[in-house]
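Each chain, written out:
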Amino acid sequence: MGIDNQIYDRIGGGWWDEANPLNMLNGSFTPGRFAYFRSVLARRGLDPAGLRAVDIGCGGGFMAEEFARLGCQVAGIDPSEVSVRTAREHAGSSGLTIGYAVASGERLPLDTESVELACCCDVLEHVSDLDRVIGETARVLKPGGIYLFDTINRTFASKILVIKVAQDWRPTRVIDTELHSWNMFITPTELEGTLRRHGLRLGEITGLGPRANKLVVLRSYLQARRGRITFGRLSELMDVGEVKATGVSYMGYAVKNE
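Quick notes on the rules
- Here, residues in each chain are numbered from 1, in the same order as that chain's written sequence.
- Thresholds applied to this predicted model are a pLDDT of at least 70 for local features of residues and 80 or more for the giving and counting of side-chain atom pairs; totals over whole chains, interfaces and linings are not thresholded and use all residues.
- As a rule here, side-chain values cover all heavy atoms of the structure and leave hydrogens and water aside.
- Each helix is a run of H or I in the DSSP string that is no shorter than four residues. Each strand is a run of E no shorter than two, and both are numbered from the N terminus.
- Here the expected span of a helix is defined as 1.5 Å times the quantity of residues minus one.
- Three labels apply to residues, based on accessible area from a 1.4 Å probe with only protein chains included: buried if under 20% of the type maximum, exposed if over 50%, partly exposed otherwise in between.
- Every angle, taken between N-to-C directions, lies between 0 and 180 degrees, and every axis is a line fitted to C-alpha atoms, over only the stretch in contact when it is a helix.
- These descriptions rest on fixed angle ranges, namely under 35 degrees for roughly parallel, over 145 for roughly antiparallel, 65 to 115 for roughly perpendicular, and the rest for oblique.
- Residues count as neighbours in contact if any of their non-hydrogen atoms are within 4.5 Å of one another.
- To pair, rings of Phe, Tyr and Trp, with the six-membered ring standing in for Trp, must have centres within 6.5 Å; the planes then decide the type, stacked if under 30 degrees apart, edge-to-face if over 60, and tilted in the middle.
- Salt bridges, as used here, are contacts in which a Lys or Arg side-chain nitrogen is within 4 Å of a carboxyl oxygen on Asp or Glu.

**Quick notes on helix H2 (residues 29-43)**
Here is step 1 of the chain: Compared with the 21 Å implied by 1.5 Å per residue over 15 residues, the 21 Å span of H2 between its first and last C-alpha is a close match.
Here is step 2 of the chain: Within H2, the full set of buried residues consists of Phe 29, Thr 30, Gly 32, Arg 33, Phe 34, Tyr 36, Phe 37, Val 40 and Leu 41.
Here is step 3 of the chain: Following H2 by one or two positions, Gly 45 adopts a phi angle in the positive range, close to 70°.

Below is the structure:
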């Protein structure tokens, strides 16, 4: 059975609503990822102010807004019309200028070598043509441009935690639909090979996951499922960010060859 990518149109009006399951990707995920991405830019000696950036699979605009606040000129791309409308409205109400467009990662509406930064979070494990998405990303990046990403590893641990616990097991699953397929998860070796084919050199990978105590995470999942806390609060309690282990989820960056 295929994954349910139509969910982003069904409930994509509520990305910024803490009671909406999609808001889990904000809570601590957004600051956790962004702290790492900012550290990458700092280590590379890049001042983000004025850089042109694209957020591929932007959803409700969580990451796009973070880059815009740094002074980047941001384009947000997503195939969900509902999500893009939500992102555009929220950016407007926040006084941020972000150019949003309804489009897929397989066909980005951007000129070749037109951006210095590309960000892709919670996307690669959802696409049917990974090679084409990476190829399009490489096309729009300038030589020396930075590709920031995260995705889910295809391991036994991810099958248990992401598929069984977070999706299949009724007491703890976040939403009653199939968000992920284990077969579509991507190992770091597979991703590095795809990046290399398109002229992107992997800089590093690091783990992305909860830093809270495992019992706290499990209890929080149960509370959210029973409606005792919001999904936004669940995300905050998980304290997601950079971790050593890459067996479930990982993030990293690559650089386009000069």
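**As for the packing of helix H8 (residues 214-225) against helix H9 (residues 231-238)**
Here is step 1 of the chain: The interhelical angle for the contact between H8 and H9, taken along N-to-C directions, is 180°, at an axis separation of 9 Å. What the angle tells us is that H8 and H9 run roughly antiparallel. Counted together, Val 216, Val 217, Ser 220, Tyr 221 and Ala 224 of H8 and Phe 231, Leu 234, Leu 237 and Met 238 of H9 form the full contact between these two elements.

**Some points on the packing of aromatic side chains**
Here is step 1 of the chain: Here the structure, examined in full by the defined rule, presents 6 aromatic pairs.
Here is step 2 of the chain: Aromatic side chains Tyr 8 and Trp 15 sit 6.0 Å apart centroid to centroid with 10° between the ring planes, which places their arrangement in the stacked category. This pair shows no difference in class: Tyr 8 is buried, exactly as Trp 15 is.
Here is step 3 of the chain: Aromatic pair Phe 34 and Phe 67: ring centres 5.0 Å apart, planes at 85°, arrangement edge-to-face. Of this pair, Phe 34 sits in helix H2 while Phe 67 sits in helix H3 (residues 62-69), placing them 33 residues apart in sequence.

**Thoughts on the side chain of Asn 26**
Here is step 1 of the chain: Note that Asn 26 resides in the loop between helix H1 (7-10) and H2.
Here is step 2 of the chain: If near-sequence neighbours (up to four positions away) are discounted, Asn 26 is found in contact with Trp 16, Pro 31, Phe 62 and Ser 235.

**Remarks on the pattern of salt bridges**
Two side chains that carry opposite charge are able to pair once their charged atoms sit near each other.
Here is step 1 of the chain: According to the stated counting rule, one finds 16 salt bridges in the structure shown.
Here is step 2 of the chain: Here Arg 69 and Glu 65 are joined by a salt bridge, their closest N and O atoms 3.2 Å apart. Of this pair, Arg 69 and Glu 65 both sit in helix H3, 4 residues apart, which is roughly one turn of that helix.
Here is step 3 of the chain: One network of salt bridges, in which partners are shared, links Arg 33, Asp 122 and Asp 150.

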